[in-house]
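# Fold and contact review
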Amino acid sequence: MQSITAGDDILSFLGQMLLIVAFSLSIYHIINNKPRKYTRLNDITFIIQSSPFCLLVFAFLTDADSLKLVAEYGGSELPVLYRISAVWGGRAGPLLLWASLMAAVTWIMSQLNNIDDLTLKIMHFWVTYLIFISWLLDPFSPYQGINGELNPLLQTNLMVIHPPLVFLYYSLCMATATVALAGIIQKNHSRTIHDQLLPWARSAFFIGTLGIGLGGLWAYTVLDWGGYWAWDPVETGSILPWMTLLLIIHARSKPNSSSAYSISPALGIITGVLALHATLVTRANGVWASVHAFVGNEASTLSKDPYLRIIDISDFTPVGIEVISYLIAIIILGLFSIIHLYREQSSNLLLDGEKSFFESNNYISLALLIFFFVIGIDIGSSAILVLGMVILFLMLHESSERPAFHWMLAGIVLMLYSNWSWSANIYQSFLGMIPFLIPWFLSDVEDDISVLVKPFKNTSHRTQLAKNIPWYGGATFLLLTWILLTVEIEGSNILAHEFYGAPLIGLLAIGLTLYSWGNSVTSRDGNILLFTCLLISIILAYLSDDIYLPGDPSLSVTPSISRGALGLFMLTWLIFALPPTFKKLYSTSRNIIYKLNKDGFKGRNLSKRFRLLGSNLAHFGILLLLIGHVFTTTLVDRTDPSHLVTLVKDQPIEHRGYDFIFTDVETINSSDSQYPFSIGDGYIGIIIDVMKDGEKITQISPGMLRFTTGNSVSPRSEVDRFSTLYGDTIVILDFYQSQELLEWMTFGQSEEVDRVRITVHSLPGSHLVWSGWAIIMLGSLFSLSSGDIRSSKEEE
């Protein structure tokens, strides 16, 4: 057993003291009435709040295995970079990282004149909260006689930078929520709150796009399933706040901007709610089954409702306190967003001299609330019950003369999704819609059918419709994604996300098309083009069995719809939107170049033009990414046995246009001078020649890395690929084949291997995914750089 020296005790003691000092100083900033008075103290506070994380990083870098975390996840044999990624191998390390990044964002805020004292106090509260939870988890606990090994999947370069970027993304989401929360508490005008939180939302969106994309790249290059996105609960959780940020950023483009501004502060808070929710999903493994989750539990004895399951697994242990505290914070922040929306609605009713439906129809309103509560209880989903009650409450407190169409639509869509997600049967779903429809039926407002046809008769109304689509389409997709996440506690359902999201993807393509057209395409021509595209999409989907498509187009999504039909429907609309979107991007770029040549960088409205360029870049990038996504994900079933190929040594085996020839087995121990890896203690690879039309085009070598710790031996599949102009073909040794190779390697039988099983995924269009992501990054960077985080006044 390892002995503990006095120096080792000092390191543990120093870590504990730094946590206490950081916690105490953070508390001081919360209760201090004039936090801006001592600017030097703000600098010192940032250093001290970050010091526990820095000390833990130092302990891993120097292999101070007197600490429990270092002994369990670090090691002197790890390369320096992977010693850093080892810091987030346990529970406490990621929280200290998050606390440090939150402290950095708080320090930046303290340097800005437009950030008020209450915002800083709330930011310090979040830092205090993270430090306290970290302290409960005892990150500087001394060595307890147990040695471990860093998860092989974390021993990659991308895992050094991906988690910090994700936690920076969450920190900026919390900053966005904090600015909104402080503004709501101080009863600032919604437009003022929106202008103040917008720079933080743009920053969070940029970092989130980068972090999520790098996570997808890690999955694509390291994991043994051959894709970048699988709607894993952790992936899904991380993209939810990204969607709310997208809504905030598009507030100014909405035709009725005043209503968008009134909702924006609530969306800012919901962004923070979803950032905490994403952390909850990641750190509560007894709730959602995910390759990224941490906390274990016996899921089979727990509730099928994820939020009730959180209560089930929570106790007074540090882990239990951490998990339940996220849920409590989510509820409290959610209440503030509801308070803001209710206050905005009440204010508008007062200005208009109107009464709410609840005031005019008190007993009916109570009956509707009770009726939906009973239906929600019967459905058995706390998510649907709570959200439905909130939507109905807000709807009933809108005008009795003009029922809020957006709340009615939200309630109906919620109940529709409850059925689609198998939470409610069709009868429960139908009954749940009734309370949202009754206020509309009881109103005296005559429906103006002409509103529905105006976009098809007037180009300006058509453009207004296009600008509404990001709001209503984005919010609907956000709701769909979250509802599906609540039922994916035993694993993700990729097909559900792809199938139910397809109409919304088509709607997005239509919105980008209409926006790009502007007034350049007449109403008549536009209607003809839209009708023609609709007809083509339906015909292609119907004839999908007779059209060649890569992947697995013949496999079913539903009994009557194949992957090919779904893919062709989406591709038709996405490709339809591509030319006008590119034309819009081109004309915007030319306009900016002309203005720069004429006026230089001192021209008026230059930042506005760069934001417009950034938006057009992002629009074009998302279309490319989605087209690539259809080819690489919608059309591909990675669980289908047709992707499994058994190779017999020296015999060509044809698979989807290529001949694969297994020629040799390569075994290299870490002691060998030719060992190409800085991790693991051995490698075994399968050498395969890839032939096309009788000619060798490349040689690939999928393999397996061996990791040995004590008596424990574990493999990590090493993915290989070859690329063509059209995309990548990924070749993988699955888990079972890797285990078999591990046995051959252990017993020295690699020379006797005469056949292997590989998994082959041909992914034409994969280049579009990564190029689209890069273009979105560039666009969001333009939008970010054109703004000024120090200013609270948004340009008109």
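This text goes with the structure placed above it.
Presented here is an overview of the structure given in this document. (Residues numbered from 1 in each chain as written. Predicted model: local features only at pLDDT ≥ 70, side-chain atom pairs only at ≥ 80, totals over all residues. Heavy atoms only, no water.)

Attention now moves to the packing of aromatic side chains. By the definition in use, this model includes 29 aromatic pairs. Each ring, one from Tyr228 and one from Trp770, has its centre 5.8 Å from the other, and the planes form 65°; the classification is edge-to-face. Here the residue Tyr228 occupies a position in the loop between helix 8 (190-221) and helix 9 (233-249), and Trp770 occupies one in helix 25 (residues 766-785), the gap between them amounting to 542 residues. We note that Tyr228, like Trp770, is buried. Pairing Tyr417 with Trp420 gives two aromatic rings, centres 5.4 Å apart and planes at 45°, and the pair type is tilted. Placement of the pair is Tyr417 and Trp420 together in helix 16 (residues 405-420), with a separation of three residues, close to one helical turn. Taken together, the aromatic side chains of Trp98, Phe167, Tyr169 and Tyr170 make up a single cluster linked through ring pairs. A cation sits over an aromatic face here: Lys584 above Tyr515, 5.3 Å from the ring centre. Over the face of the ring belonging to Tyr220 we find Arg721, whose NZ or CZ atom lies 5.0 Å from the ring centre. (Phe/Tyr/Trp six-rings, centres within 6.5 Å; stacked < 30°, edge-to-face > 60°. Helix = DSSP H or I, 4+ residues; strand = E, 2+ residues; numbered from the N terminus. Buried < 20%, exposed > 50% of the residue type's maximum accessible area, 1.4 Å probe, protein only. Lys NZ or Arg CZ within 6 Å of the ring centre and 35° of its normal.)

Trp98, Trp126 and Trp200 are the most contacted members of the largest nonpolar core, which totals 168 residues. Residues Ala466, Leu512, Tyr515 and Leu549 belong to the second largest nonpolar core, which totals 35 residues. (Core = buried A, V, L, I, M, F, W, Y, C linked by side-chain atoms within 4.5 Å.)

Across all of its chains, the model carries ten salt bridges by this definition. As a salt-bridge pair, Arg91 and Glu322 come within 2.6 Å of each other at their nearest N and O atoms. A residue pair is termed long-range when its members are at least 10 positions apart, and Arg91 in the loop between helix 4 (80-85) and helix 5 (92-110) and Glu322 in helix 12 (residues 318-352) qualify at 231 residues. By the burial criterion, Arg91 is buried, and Glu322 matches it. A single salt-bridge network, built from bridges that share partners, covers Arg91, Arg283 and Glu322. (Salt bridge = Lys/Arg side-chain N within 4 Å of Asp/Glu carboxyl O.)

With that out of the way, let us pick up helix 24 (residues 735-746). Over its twelve residues, helix 24 runs 16 Å from end to end, which matches the ideal 16 Å to within 8%, given 1.5 Å per residue. For helix 24, the set of buried residues is Gln737, Ser738, Leu741, Leu742, Trp744 and Met745. The arc that holds the buried residues of helix 24, viewed along the axis, is 165°, so those residues lie on one side. Those residues of helix 24 that are buried are in contact with strand 5 (658-669), strand 6 (682-692), strand 8 (703-709), strand 9 (712-718) and strand 12 (755-764). Directly beyond the C-terminal end of helix 24, a positive phi value near 65° is found at Gly748. (Expected span 1.5 Å × (residues − 1). Arc of directions from axis to C-beta. Contact = heavy atoms within 4.5 Å.)

Turning to a nonpolar patch on the surface, a few remarks are in order. Together, Phe13, Met17, Ile20, Val21, Phe132 and Trp135 make up a nonpolar patch on the protein surface, roughly 540 Å² of accessible area in all. Elements supplying a minimum of two residues to the nonpolar patch: helix 1 (6-31) and helix 6 (117-136). When residues of the nonpolar patch are assigned to their parent elements, the largest contribution, four residues, is made by helix 1. Using a relative accessible area of 54% as the deciding quantity, one classes Phe13 as exposed. (Patch = residues over 30% accessible without salt bridge, like charges linked within 9 Å, V, L, I, M, F, W, Y side chains within 5 Å. Areas by Shrake-Rupley, 256 points an atom, 1.4 Å probe, with all protein chains shown as cover.)

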